[in-house]
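A structural walkthrough
Listed here are the chains, written in short residue letters.
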Amino acid sequence: MPQSTVLPPGVSEADFKSALRAFAEVVGERWVLASDEDRHSYLDAFAPGDADKHASSAGIAPQSTQEVQAVVKIAARYGIPLWPVSSGRNLAYGGSAPVLRGSVVLDLRRMNRVLEIDEQLGYALVEPGVTFFALFDALQAAGGKLWISTPAPGWGSVIGNALEHGVGYTPYGVHADTICGMEVVLANGDLVRTGMGAVQGSKEWQAFKYGYGPVWDLMFTQSNFGVVTKMGVWLMPEPEAVANYAISVPDYKDLAILVDTLRPLRLNDTINADYTIQNPFRSVMDELSMQGKTRETIYSGSGSLPMELISRELKARNRGMWNVGFNLFDSDKGLDLREAAIRAAFDRVPGSKLQTHRWHRGEPMESWMRVTPALAPLAGVDWYGGPGGHINFAPVIAPVGERVTQLYEAIYKRFIEYGIDYYCGLLNIGQRALVVNAVTFFNRDNAEMTRKGRELYRVLAKDGAALGYGDYRAHISFMDDIAEMYAFNDHALRRLNERIKDALDPKGILAPGKQGIWPAGLRGGARAKGGSQA
Amino acid sequence: MRTLMALWALLCLSGSAWAAGPLTPIQAKGKQAYDHICIYCHSPGVWGTNRLARRMDQEHAVLENRTDLTAAGIRAVVRMGIGSMPPLRRTELSDADVDAIAAYLTRARSVQR
């Protein structure tokens, strides 16, 4: 068995060897992945700096819940931190790399069974290694009556994306809302089923979320309190029709009126799926990226892309300054009613333009419907020429035009200060929220560029907190920074998280540092810098 | 950087146009895996293809049309990643599938032999 050159923190080389042997007895030697090549494959492929800071000491790839239980018990015996990943494709948030250097990646990708599809009740029961591609294929094979909600890149895990509060672009787009019933391995190796799954022999596990007593499911999202090994996911019945809308407003000052016009339409469900507002830069950058072009096509100067240039580029394309896109899902008649309400609302917005087209059941699916998984949105990462990567600063804000404009401008000011192009989408999540998703692209091999990107991110986190905002997710390098934003009552939320962590995982085996939740021995000043060299 | 150059050297051995013919069983398996995984970035007009067109030229942009790829180069790129392409882990793409993909993408070489 290959030996790792990185050790888990506080674990001797001899103990780590013994632990790897014990893991091998559970999962088979083949699935103890400790060679340099394997460990390299667990590095963050979009690392904003030195990926080795988050290097794993090995990967362990179980194929069953029982194997996960056994692995967790061995990790507890040796004090080895485990970093569970589902598909490990959460690029821009760390991929499959752990927060704490030297953690062992608990790679659940081999647990890839779609256990159940129920077309009558509209759900699937899946394992962590099931990707959006795989679930899409399984649903098609089952008859095609149910649709998935796929996020931007489709190679992610259905479970992993829901656990990380990911989003899609159908009425089922808030993926954490579609969770119904979980199976979870706890840090002591115990196995729990939530909701109706706690009833022996229940057939209602995926039909009712609440069961009896406290509801725990969301506690296992964006946390390190357990390893989710099965999850029910509600799926949308195929609609009769889908309509795409592209609406633009002409002037830079129109962001507020655009947000305020969309708000009531989304709140009363006229717009029944998440929308995305592209800022002026993103409209141009996306178009060029999809054509395989990079920044140098339009600009070779240093500093942030000038607004005058982007204005000219948009005019040349006959596009407005702000462009919003979304899809509606309904019968044809239902779509007519929704469209009438949308047109009436935007008739009151001077200079707005609306384009629309439809799909009907029986026709081949098209990419604009954003139901078929794809990887095309990744094209943008090479904006600066590549090899690229990106990190996203994404504070949550209610869709109130004046406030959104204020936050948007505060972030823009910093992007100019740091000389980074301001690629930003205002992503709607559910009926009452947006995130201002400000993306920093960089060339990974450019140390100065990645340093500036990291610095900008940290400045934005401080600015955002001072204005009263918090991010909805974070890259592994910034999980503590974002946890800092949630500071009410001297970090009462962190103290609550830590008390739960101590109760469920006193040895701190599961994902130390995830979402800024550290086990007792690694809190505050005692925090380790990560695993030592073997 | 040196590693990347070495990988490119492995990838870019020159070759000549390949003759179309029926695929061997392993090549057919490789095509299936290619169509299931690689195609999302490496079909014409998509990210990986566009990236290769910029890095090299149009002729070398679509992997399936290449005649200059080597099995060792393909294995190295899949496992280590290259440029903007992230590595693919053993848990998501087995060694057997990588070998099959390599057999499919180097079919020109087996035809020449």
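Focus on the overall build of chain A
For chain A, the count of helices and strands is 13 helices and 19 strands. Its C-alpha atoms give chain A a radius of gyration of 23 Å, within 12% of the compact-globule value 24 Å for 534 residues. On the principal axes, the C-alpha backbone points of chain A span a range of 70 × 55 × 45 Å. The proportion of buried residues among the 534 residues of chain A is 51%. For chain A, the share of sequence-separated contacts (at least 6 apart) that also reach a separation of at least 24 residues comes to 72%.

Description of the overall build of chain B
Looking only at helices and strands, one finds six helices and zero strands in chain B. In sequence order, the secondary structure elements of chain B are arranged as α-α-α-α-α-α. Considering only contacts within chain B whose residues lie at least 6 apart along the sequence, 75% involve residues at least 24 apart.

A short note on unusual backbone geometry
A negative phi angle is the norm for most residues apart from glycine, just as the trans form is the norm for most peptide bonds. Residues and elements named next belong to chain A. Residue Pro 387 follows Gly 386 across a cis peptide bond; omega there is 0°. Relative to the elements of secondary structure, Pro 387 occurs in the loop between strand E15 (353–360) and strand E16 (388–393). The phi dihedral of Gln 222 falls on the positive side, at around 40°, and the residue is not glycine. Secondary-structure assignment places Gln 222 in the loop between strand E9 (191–193) and strand E10 (227–234). What makes Gln 222 partly exposed here is the crowd of 17 C-beta atoms within 10 Å. You will see that His 491, though not glycine, has its phi angle at about 65°, which is positive.

Focus on the interface of chain B and chain A
Between chain B and chain A, the contact holds 19 residues from the first and 25 residues from the second. Breaking the side of chain B that touches chain A down by element, the ones donating at least two residues are helix H2 (25–42), helix H3 (47–55) and helix H4 (71–80) of chain B. When the residues that make up the side of chain B that touches chain A are grouped by side-chain class, the tally is eight nonpolar, five polar and six charged.

Quick look at the sheet that holds strand E2 (residues 58–60) of chain A
With mixed pairing, the four strands of this open sheet are ordered in space as E1-E2-E4-E3 (chain A). Taken across any chain shown, the strands that pair with only one partner, and hence form the sheet edges, are strand E1 (32–33) and strand E3 (82–85) of chain A.

Focus on the packing of helix H6 (residues 255–267) of chain A against helix H10 (residues 401–418) of chain A
All names here are of chain A. H10 packs onto H6 with a crossing angle of 135° between their chain directions and a minimal axis gap of 8 Å. Comparing their axes, H10 and H6 come out oblique. You can see that H6 and H10 cross each other, and the crossing is right-handed. On H10, the residues touching Leu 255, Ala 256, Ile 257, Val 259 and Asp 260 of H6 are Gly 401, Glu 402, Val 404, Thr 405 and Tyr 408.

Details of H2(B)
One turn of an α-helix holds 3.6 residues; hence residues three or four places apart share an orientation. All names here are of chain B. With 18 residues, H2 should reach 26 Å at 1.5 Å per residue; the first-to-last C-alpha distance of 22 Å falls well below that figure. Largest kink in H2: about 50°, centred on His 36. Listing the buried residues of H2 in full gives Gln 27, Gly 30, Lys 31, Ala 33, Cys 38, Tyr 40, Cys 41 and His 42.

So, the environment of B:Ala72
All names here are of chain B. Relative to the helices and strands, Ala 72 is located in helix H4. Assessed through the 14 C-beta atoms surrounding it within 10 Å, Ala 72 is described here as partly exposed. Ala 72 sits 30 residues away from Ala 102 along the chain, and the two C-alpha atoms are 8.1 Å apart.

Let's talk about the pairing of E10(A)
All names here are of chain A. The buried count for E10 comes to seven of eight residues, which makes it a mostly enclosed element. Pairing analysis gives four bridges linking strand E6 (residues 123–126) to E10, with the strands arranged antiparallel. By the bridge assignment, Tyr 123 is partnered in E10 with Trp 234. When strand E8 (residues 179–185) meets E10, the two strands line up antiparallel, connected through five bridges.

What about the sheet that holds E9(A)?
Residues and elements named next belong to chain A. On the basis of which strands lie adjacent, the open sheet formed by five strands has the order E5-E6-E10-E8-E9 and antiparallel pairing. One side of each edge strand has no neighbouring strand; the edge strands of this open sheet are strand E5 (114–118) and E9. Direction aside, neighbouring strands of the sheet carry axes that sit 10° apart on average. Here three bridges tie E8 to E9, and the two strands are oriented antiparallel to one another. Considered in E9, the bridge of Val 184 is made with Val 192.

Concerning the domain arrangement of chain A
You can read the domains of chain A as domain 1 (1–110 + 486–534), domain 2 (114–237) and domain 3 (241–360 + 375–477). Relative to domain 3 of chain A, the C-alpha centre of domain 2 of chain A lies at a distance of 29 Å.

Comments concerning the nonpolar core
Counting residues in hydrophobic clusters, the biggest one holds 167 residues, and the most contacted among them are A:Leu135 and A:Val436. The contact partners of A:Val436, leaving out residues within four places of it in the chain, are A:Ala394, A:Pro395, A:Ile397, A:Leu407, A:Tyr408, A:Ile411, A:Cys424 and A:Leu426.

Observations regarding the pairing of E8(A)
Regular strands show a simple pattern: their side chains alternate between the two faces of the sheet. Taken across its seven residues, E8(A) has seven buried, putting it largely inside the fold. The turn joining E8(A) and E9(A), which pair antiparallel and follow one another in sequence, is formed by five residues; a positive phi near 90° is taken by A:Gly189.

Quick notes on the environment of A:His475
Residue and element names in this part refer to chain A. Of note, His 475 is situated in the loop between helix H11 (447–467) and helix H12 (479–485). On the basis of neighbour count, His 475 is assigned to the buried category, with 28 C-beta atoms found within 10 Å. Considered as a pair, His 475 and Leu 255 are 220 residues apart in the sequence and their alpha carbons are 28 Å apart. Setting aside residues no more than four positions away along its own chain, His 475 makes contact with Ala 92, Tyr 93, Gly 94 and Ile 391.

What counts as what
Going along each chain's sequence as written, the residues are numbered from 1 onward. In the order they appear in the text, chains get letters beginning with A and ligands get numbers beginning with 1. Given that the model is predicted, a residue must reach a pLDDT of at least 70 before its local features are reported, and side-chain atom pairs must reach 80 or more before they are shown or counted; all residues, however, enter totals for whole chains, interfaces and linings. The helix count covers DSSP runs of H or I at least four residues long, the strand count covers runs of E at least two residues long, and both are numbered beginning at the N terminus. Computation of the radius of gyration draws on C-alpha atoms, with the globule rule given as 2.2 Å multiplied by the number of residues to the power 0.38. The burial label depends on the number of other C-beta atoms within 10 Å of a residue's C-beta. Counts of 20 or more mean buried, 12 or fewer mean exposed, and intermediate counts mean partly exposed, with C-beta atoms placed from the backbone. Whether two residues are in contact is decided by their C-beta atoms, placed from the backbone, lying within 7 Å. Each residue is assigned to one class: nonpolar for Ala, Val, Leu, Ile, Met, Phe, Trp, Tyr, Cys and Pro, charged for Asp, Glu, Lys and Arg, and polar for all the others, Gly among them. A strand pair is defined by DSSP finding two or more bridges across the two strands. Here the axes come from fitting lines to C-alpha atoms, over the contacting stretch only for helices, and the angles between their N-to-C directions go from 0 to 180 degrees. What sets the label is the angle itself: under 35 degrees gives roughly parallel, over 145 gives roughly antiparallel, 65 to 115 gives roughly perpendicular, and the rest give oblique. Crossing handedness: left-handed means the near helix sits turned counterclockwise from the far one by under a right angle, and right-handed means the same turn made clockwise. The span one expects for a helix is its residue count, reduced by one, times 1.5 Å. To get the bend at any residue, fit one axis to the seven residues that end at it and another to the seven that begin at it, then take the angle between the two axes. These domain boundaries are the output of an automatic or database domain assignment. In plain words, the nonpolar core is the set of buried Ala, Val, Leu, Ile, Met, Phe, Trp, Tyr and Cys residues that C-beta atoms within 7 Å link up.

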